Amino acid sequence: QVQLVESGGGLVQPGGSLRLSCAASGIIFSRYTMAWHRQAPGKQRELVATISPADSTNYADSIKGRFTISRDNTKNTVFLQMSSLKPEDTAVYYCAARGLVPGYYAYWGQGTQVTVSS
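Criteria and cut-off values
Residues numbered from 1 in each chain as written. Predicted model: local features only at pLDDT ≥ 70, side-chain atom pairs only at ≥ 80, totals over all residues. Heavy atoms only, no water. Phe/Tyr/Trp six-rings, centres within 6.5 Å; stacked < 30°, edge-to-face > 60°. Lys NZ or Arg CZ within 6 Å of the ring centre and 35° of its normal. Salt bridge = Lys/Arg side-chain N within 4 Å of Asp/Glu carboxyl O. Helix = DSSP H or I, 4+ residues; strand = E, 2+ residues; numbered from the N terminus. Buried < 20%, exposed > 50% of the residue type's maximum accessible area, 1.4 Å probe, protein only.

(A) Structural detail: the packing of aromatic side chains. Considering all chains together, one arrives at 2 aromatic pairs under this definition. Over the ring of Phe 29 we find Arg 71, and its NZ or CZ is 4.6 Å from the ring centre.

(B) Summary view of the pattern of salt bridges. Evaluated as defined, the whole model comprises 4 salt bridges. Among the ionic pairs, Arg 38 bridges to Asp 89, the shortest N-O distance being 2.9 Å. Taken together, the residues span a long stretch of sequence, with Arg 38 in strand β4 (residues 33–39) and Asp 89 in the loop between β8 (77–82) and β9 (91–98) at a distance of 51 residues. On the basis of relative accessibility, which here comes to 1%, the residue Asp 89 falls in the buried class. Put simply, Asp 89 and Arg 66 hold a salt bridge, and the shortest N to O gap is 2.7 Å. Placement of the pair is Asp 89 in the loop between β8 and β9 and Arg 66 in the loop between β6 (57–59) and β7 (67–72), with a sequence separation of 23 residues. The exposure class assigned to Arg 66 is buried, which follows from its relative accessible area of 11%. A cluster of three or more residues bridged by salt bridges with shared partners is formed by Arg 38, Glu 46, Arg 66 and Asp 89.

Encoded structure:
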């Protein structure tokens, strides 16, 4: 059974930082591209960042330079370090795993809420 479990969300003031984690089980983690998506109320889900098995990363323009995705294959965990947070970063953040099919995320976590507010 595949599980992706996110943690690290919470309430933070504008300009603050948070680090999200996503622990995976039931998959050969090192073979998967991992991603973080987010969905704000009333908005479509947005792809935030991806990291390939070879550690190649890609970021949405909206967060480039502020967020960093990384992975630890020894712990089957992917991270999202978020800095200089803005109120518009408020959303539920989801971890997802993608195999060989481009654009198709086969596995998803349950999400973790990030709220940026003073």
